[in-house]
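Reading the structure
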Amino acid sequence: MSAPFFPQIPTIPFAGPDSRDPLAFRYYDADRMVMGKRMADHLRIAICYWHSFCYGGADPFGQQTIHWPWMAGHSIEMADMKLDAAFEAFEKLGAPFFCFHDVDAVPAGNSAREFAENLNHIAERMAAGIERTGCRLLWGTANLFSHPRYMAGAATNPDPEVFAWAAFQVRNMLDVTHRLGGENYVLWGGREGYETLLNTDLKRESDQLGRFLSLVVEHKQKIGFKGTLLIEPKPCEPTKHQYDRDAATVHAFLQRHGLEGEIKLNLEVNHATLAGHDFEHEVAYAIANGLLGSFDANRGDPRLGWDTDQFPNDHRDMAMVLYRVLQAGGLTTGGFNFDAHIRRQSIDAADLFHGHIGGMDTLARGLLAAEAMIADGQLAKAVDDRYAGWQCGVGANVLDRNESLESLADKVAQGSVDPQPRSGRQEALENLVNRFL
Ligand code: XLS
Ligand code: NI
Ligand code: NI
């Protein structure tokens, strides 16, 4: 380990809601028991390597503003320095997990061989970091979108040689993720979409993507990786249209290609917003269809229509999501990754820590609100009551397949069925939820 990179930052303590210390947690209390489980084990928070240690503040209009010492070049020495800094931050924040792409951690070098060697080198050092700090790998992923070879897609590229390159990167990263004891492997198809339909064969590209994912599933089985494969839906950006648009679209895709049961979802708050959904909708859809995997907790800005990747900072945005997760029995291999970066003007090392402290506190506070809602039970009861009719009589008969269209029509014609309007009670339920926020 080299000298500390963040000497002015202490190990962040839990100091309670009344604390005024900006370098302390007010709600995130790792060992606090919530419904019989440690808070840390519910949330399974992960720090992301790319935004926290590779982002230099550049945007489409301006250059780098944040200059970490490891950004001075693209050598393997710089990669080592970045790794040491990352593990120092993981430890100081007490984060149980981290996530990374292949190219976040190492330079791609001048050949495929060099790329693979660099990755193996860093994986060894990562294994040592994991061993030393106890901060484990939530998920690994391959970057199949930055390099110019992927400009027309990775698996959906018109050129099969690009497909092969994507296979090379995913094979290596899946192996590394497995070696490091990663809990999931994520596939985000940033370039798997189109800019114009004029040059695009939709059916062909969908079949290519289906084939690619089947190869990933086969390789996972071959190496005995026990983690979960996850697709991260996003509707657009960088492409005009991305094939993994939202949870429901990915669901249909998995069914069409016989991949249901093999792949689950990594849902990102900001991507849900871009797709025109509430994040809660995406989470509810995933839970209802057995697709709940993991989360990227970064939010957008309501005034900006792109993926601004901001740390969550309002527990009310997370409380209902966590309520649903708790109701569904909690996360298994998944967690909450901060796919978030600090702002372009946040050029001090402390800013990186403030972002994470705020995000962790937001999730913790949302979890406590969710716990209180579950303990109260009124919201769940209101929903159960609303569907009570399906427990007996005609409702139960329909579900038990004891009614036909004809038998139901006869009942209505005989006047033995008489629907009574009932309030949906939206305002009352909104007020009820507000009591916990
Ligand atoms: C981009 C995505 C990306 C994935 C990992 O919008 O969120 O960061 O999480 O490739
Ligand atoms: Ni994103
Ligand atoms: Ni993401």
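Above this text is the structure in question.
Residues numbered from 1 in each chain as written. Chains lettered and ligands numbered in written order. Predicted model: local features only at pLDDT ≥ 70, side-chain atom pairs only at ≥ 80, totals over all residues. Heavy atoms only, no water.

**A look at the sheet that holds strand E10 (residues 263-268)**
Ordered by their spatial adjacency, 8 strands build a closed barrel running E3-E4-E5-E6-E8-E10-E11-E12, and the pairing between neighbours is parallel. Each neighbouring strand pair of the sheet contributes to a mean axis angle of 30°, computed without reference to strand direction. For strand E11 (residues 292-296) and strand E12 (residues 336-338), the ladder comprises 2 bridges, and the chain directions are parallel. Within the sheet, the bridge partner assigned to Asp296 lies in E12 and is Asn337. (Pairing = 2+ DSSP bridges. Helix = DSSP H or I, 4+ residues; strand = E, 2+ residues; numbered from the N terminus. Axes fitted to C-alpha atoms, helices over the stretch in contact; angles between N-to-C directions.)

**Digging into the coordination of the nickel ion (ligand 3)**
Protein-derived ligands of the nickel ion (ligand 3) are Glu232 (OE), Glu268 (OE), Asp296 (OD) and Asp339 (OD), with the metal-ligand distances lying across 2.0 to 2.1 Å. Note that the nickel ion (ligand 3) binds 6 donor atoms; their angles at the metal cover 81 to 174°, and the shape is octahedral. Here the donor residues of the nickel ion (ligand 3) share one chain and are spaced in sequence as E-x35-E-x27-D-x42-D. A separation of 3.7 Å is found between the nickel ion (ligand 3) and the nickel ion (ligand 2), both of which receive a donor from Glu268. (Donors = N, O, S within 2.8 Å, 3.2 Å for Na, K, Ca; no water. Tetrahedral: all angles 85-135°; square planar, octahedral: opposite > 155°, others 65-115°.)

**Quick look at the pairing of strand E8 (residues 228-231)**
Residues Thr228 and Leu230 of E8 are buried on one face, and the alternating residues Leu229 and Ile231, pointing to the opposite face, are buried as well. Bridging between strand E6 (residues 184-187) and E8 involves 4 bridges; their strand directions are parallel. What sits directly across from Tyr185, in E8, is Leu229. Pairing of E8 with E10, which is carried by 3 bridges, proceeds in the parallel orientation. Along E10, the bridge assignment pairs Ile231 with Leu265. (Buried < 20%, exposed > 50% of the residue type's maximum accessible area, 1.4 Å probe, protein only.)

**Section: the side chain of His251**
By the element assignment, His251 lies in helix H8 (residues 247-256). Engagement of the side chain of His251 in a polar contact is seen with the side chain of Tyr285, the distance being 2.7 Å. Those residues in contact with His251 that lie beyond four places of it in its chain are Glu260, Tyr285, Asn289 and Leu291. (Polar contact = N/O pair within 3.5 Å; in protein donor to acceptor, adjacent residues only side chain to side chain. Contact = heavy atoms within 4.5 Å.)

**Quick notes on the site of ligand 1**
The environment of ligand 1 is made up of Trp50, His101, Trp139, Phe145, Trp188, Glu232, Lys234, Glu268, His271, Asp296, Asp307 and Asp339. Note that an oxygen atom of ligand 1 is positioned 3.4 Å from one of the side-chain N or O atoms of Trp50. Here the shell around ligand 1 is built from residues that sort into 4 nonpolar, 2 polar and 6 charged. (Near = heavy atom within 4 Å. Nonpolar A, V, L, I, M, F, W, Y, C, P; charged D, E, K, R; others polar.)

**Structural notes on the side chain of Lys92**
Tracing the sequence through the fold places Lys92 in helix H3 (residues 76-93). Looking at Lys92, its side chain comes within polar contact range of the side chain of Glu88, at 2.9 Å. Among all residues touching Lys92, those that are not within four sequence positions of it are Phe6, Pro7, Ile9, Pro10, Thr11, Ile12 and Phe353.

**Topic: the packing of helix H13 (residues 378-386) against helix H16 (residues 426-434)**
Packing of H13 against H16 brings their axes to within 10 Å, and their N-to-C directions diverge by 160°. Relative to H16, H13 is oriented roughly antiparallel. Both H13 and H16 take part in a crossing whose hand is left-handed. Of the residues in H16, those in contact with Gln378, Leu379 and Ala382 of H13 are Leu429, Leu432 and Val433. In the contact of H13 with H16, the residues fall into 5 nonpolar, 1 polar and no charged. (Parallel < 35°, antiparallel > 145°, perpendicular 65-115°, else oblique. Left-handed = near helix turned anticlockwise from the far one by under 90°.)

**Remarks on the environment of Ala46**
Secondary-structure assignment places Ala46 in strand E3 (residues 45-48). The contacts of Ala46, once residues within four sequence positions are left out, are Phe97, Phe98, Cys99, Leu138, Phe336, Asn337 and Phe338.

**Topic: the packing of aromatic side chains**
Summed over the entire model, instances satisfying the criterion amount to 22 aromatic pairs. Ring centres of Tyr49 and Phe100 lie 6.2 Å apart, and the angle between their planes is 55°; this geometry places the pair in the tilted category. Placement of Tyr49 in helix H2 (residues 49-53) and of Phe100 in strand E4 (residues 97-101) is noted, with a sequence separation of 51 residues between them. Using a relative accessible area of 0% as the deciding quantity, one classes Tyr49 as buried. Note on Phe100: relative accessible area 0%, which makes it buried. Three or more aromatic residues joined by ring pairs form one cluster here, namely Phe5, Phe6, Tyr49, Phe53, Trp68, Trp70, Phe87, Phe90, Phe98, Phe100 and Phe353. Taking the ring centre of Trp165 as reference, the NZ or CZ of Arg149 above it sits at 3.5 Å. (Phe/Tyr/Trp six-rings, centres within 6.5 Å; stacked < 30°, edge-to-face > 60°. Lys NZ or Arg CZ within 6 Å of the ring centre and 35° of its normal.)

**Quick look at the coordination of the nickel ion (ligand 2)**
With distances of 2.1 to 2.2 Å, the protein atoms coordinating the nickel ion (ligand 2) are Glu268 (OE), His271 (NE2) and Asp307 (OD). When the donor residues of the nickel ion (ligand 2) are listed from N- to C-terminus, their spacing reads E-x2-H-x35-D. Taking the relative accessible area as the measure of exposure, Glu268 reaches 2% and is therefore buried. For His271, a relative accessible area of 4% corresponds to the buried category.

**Some details on the environment of Trp50**
Topologically, Trp50 is positioned in helix H2. For the pair formed by Trp50 and Asp102, sequence separation is 52 residues and the distance between their alpha carbons is 9.8 Å. Polar side-chain contacts of Trp50 include one of 2.8 Å to the side chain of Asp339.

Purely geometric stuff here, so don't read any function into it on its own.
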